[in-house]
Amino acid sequence: LRRQIQRMVQRFRPPTSEELDQMQRWLPWEQVVQVCERLKQRYERGERGSEQRARALMEFLVVAMYVYFPPVRASPIRQLEQGQSLVWDPERRKWFLDLRKYKTYAKY
């Protein structure tokens, strides 16, 4: 049993930096910061009180918070389900995260 588990662990090891480079599944930090800065500038250039500016702010905040304050666990983001934890409000024409169904919701 121990050998079987060791083989499984070896098969499912996390990729190395070189393998990640080859898969191109990450961005250099400088590029991430540039994207955040562009989103911030798009918000700042928007016309005050416009829906376009509000949307630009929302996009900037979502990206910036995820980049600068990533969730402790990626599962809340990875497991978003439309209609369950990712909810569309047709009146306000916006998406919302509804995290009340997570087991740690009451603690926070």
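Caption draft 1: Structural view of the pairing of strand S2 (residues 94-97). Pairing of strand S1 (residues 86-89) with S2 involves 4 bridges; the strand directions are antiparallel. What sits directly across from Val87, in S2, is Phe96. Linkage of S1 to S2, two consecutive antiparallel strands, is achieved through a turn of 4 residues, within which Arg93 is found at a positive phi near 55°.

Caption draft 2: Structural context of the pattern of salt bridges. Scanning the model with the defined rule gives 2 salt bridges in all. For Arg42, the salt bridge is made with Glu59, and the minimal N-O distance between the two is 2.0 Å. In this pair, Arg42 sits in helix H3 (residues 29-45) while Glu59 sits in helix H4 (residues 51-68), placing the two residues 17 residues apart along the sequence. Overall, the relative accessible area of 37% leaves Arg42 in the partly exposed class. Residue class for Glu59 comes out partly exposed when judged on its relative accessible area of 30%.

Caption draft 3: Representation of H3 in the model. Given a rise of 1.5 Å per residue, 17 residues ought to cover 24 Å, and the 24 Å separating the end C-alpha atoms of H3 matches this to within 8%. When we look at burial in H3, the residues that qualify are Val32, Cys36 and Leu39. The buried residues of H3 occupy an angular sector of 60° when projected down its axis, which confines them to one face. Exposed residues on H3 whose side chains face more than 90 degrees from its buried face are Glu30, Arg38 and Arg45. Its buried side turned inward, H3 meets H4.

Caption draft 4: Up close: unusual backbone geometry. Of note, Arg93 is a non-glycine position whose phi angle comes to about 55°, a positive value. Mapping Arg93 onto the fold places it in the loop between S1 and S2.

Caption draft 5: Structural view of the confidence of the model for the protein. With 77% of its residues at a pLDDT of 70 or more, the protein has an overall mean of 79. Element-level pLDDT for the protein is lowest in helix H5 (residues 75-78), with a mean of 67, against a maximum mean of 91 in H3.

Caption draft 6: Quick peek at the side chain of Ser50. Examined against the element boundaries, Ser50 turns out to sit in the loop between H3 and H4. Residue Ser50 is classed as buried on the basis of its relative accessible area of 18%. A polar contact is formed between the side chain of Ser50 and the backbone nitrogen of Arg53, at a distance of 3.1 Å.

Caption draft 7: Local environment of the packing of aromatic side chains. Inspection of every chain in the model, using the stated rule, returns 2 aromatic pairs. Ring centres of Trp29 and Tyr68 lie 5.9 Å apart, and the angle between their planes is 85°; on these two criteria the pair is classed as edge-to-face. On the criterion of sequence distance, the pair formed by Trp29 in helix H3 and Tyr68 in helix H4 is long-range, its members being 39 residues apart. Classification of Trp29 as partly exposed rests on a relative accessible area of 48%. Just above the ring of Tyr43 sits the side chain of Arg53; from NZ or CZ to the centre is 4.3 Å.

So, how was this worked out
- Residues numbered from 1 in each chain as written.
- Predicted model: local features only at pLDDT ≥ 70, side-chain atom pairs only at ≥ 80, totals over all residues.
- Heavy atoms only, no water.
- Pairing = 2+ DSSP bridges.
- Helix = DSSP H or I, 4+ residues; strand = E, 2+ residues; numbered from the N terminus.
- Salt bridge = Lys/Arg side-chain N within 4 Å of Asp/Glu carboxyl O.
- Buried < 20%, exposed > 50% of the residue type's maximum accessible area, 1.4 Å probe, protein only.
- Expected span 1.5 Å × (residues − 1).
- Arc of directions from axis to C-beta.
- Contact = heavy atoms within 4.5 Å.
- pLDDT = per-residue confidence, 0-100.
- Polar contact = N/O pair within 3.5 Å; in protein donor to acceptor, adjacent residues only side chain to side chain.
- Phe/Tyr/Trp six-rings, centres within 6.5 Å; stacked < 30°, edge-to-face > 60°.
- Lys NZ or Arg CZ within 6 Å of the ring centre and 35° of its normal.

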